[in-house]
Amino acid sequence: EIEVLTELISHAEPEEGSLITLYYGEEVSLDQAQETGDQIIDASPGTVVEIVYGGQPLYTYILSIE
């Protein structure tokens, strides 16, 4: 999953200082979501990652880039 997320973010080419919001689903723990957020930060230096419980049943993660 992280490979798909980081590739998607790479293609979006967020500017430095961009906010990436990671909404995690009902089957993901907060610890797992934070670990994924840390990996996104490592792959996209200069961005800010916010972790939010979305509770969605079908998708592990939903991503927003601002």
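To be clear, the structure that these remarks concern was listed above.
Owing to the predicted nature of the structure, the values given are computational and were not obtained by experimental measurement.

Peer 1: Provide a residue-level description of helix 1 (residues 2-12), including the pertinent values.
Peer 2: Buried within helix 1 we find Ile 2, Leu 5 and Ile 9. Taken end-on, helix 1 shows its buried residues confined to a sector of 65°, consistent with a single buried face. The exposed set on the far side of helix 1, more than 90 degrees from its buried face, consists of Glu 3, Val 4 and His 11. Those residues of helix 1 that are buried lie in contact with strand 1 (19-24), helix 2 (30-43) and strand 3 (61-65). Positive backbone phi, approximately 50°, marks Glu 13, located one or two places after helix 1.

Peer 1: So what's going on with the side chain of Thr 21? Which residues, and what values?
Peer 2: Position of Thr 21 among the secondary structure elements: in strand 1. At 3.2 Å, the side chain of Thr 21 and the side chain of Glu 50 are in polar contact.

Peer 1: Could you give an account of a nonpolar patch on the surface, naming the residues involved and the relevant values?
Peer 2: A contiguous nonpolar surface patch, about 440 Å² in accessible area, is contributed by Tyr 23, Leu 58, Tyr 59 and Ile 62. One can find Leu 58 in the loop between strand 2 (48-53) and strand 3. A residue is classified by how much of its surface remains accessible, and Leu 58, at 72% relative accessible area, is exposed.

Peer 1: Before we move on, can you summarise the sheet that holds strand 3 with the specific residues and values?
Peer 2: Here we have three strands laid out as an open sheet, ordered 2-1-3, and mixed in their pairing. If you trace the sheet from one side to the other, it starts and ends with strand 2 and strand 3, each paired once. Between one strand and the next, the sheet's axes are offset by a mean angle of 20°, whatever the strand orientation. Strand direction decides the pairing type here: strand 1 and strand 3, joined by five bridges, are antiparallel. Bridged to Tyr 24 within strand 3 is Tyr 61. Docked against the sheet, helix 1 engages strand 1 and strand 3, running at close to 20° with respect to strand 3. Contacting strand 1, strand 2 and strand 3, helix 2 runs over the sheet at an angle of about 155° to strand 1.

Quick notes on the rules
Residues numbered from 1 in each chain as written. Predicted model: local features only at pLDDT ≥ 70, side-chain atom pairs only at ≥ 80, totals over all residues. Heavy atoms only, no water. Buried < 20%, exposed > 50% of the residue type's maximum accessible area, 1.4 Å probe, protein only. Helix = DSSP H or I, 4+ residues; strand = E, 2+ residues; numbered from the N terminus. Arc of directions from axis to C-beta. Contact = heavy atoms within 4.5 Å. Polar contact = N/O pair within 3.5 Å; in protein donor to acceptor, adjacent residues only side chain to side chain. Patch = residues over 30% accessible without salt bridge, like charges linked within 9 Å, V, L, I, M, F, W, Y side chains within 5 Å. Areas by Shrake-Rupley, 256 points an atom, 1.4 Å probe, with all protein chains shown as cover. Salt bridge = Lys/Arg side-chain N within 4 Å of Asp/Glu carboxyl O. Pairing = 2+ DSSP bridges. Axes fitted to C-alpha atoms, helices over the stretch in contact; angles between N-to-C directions.

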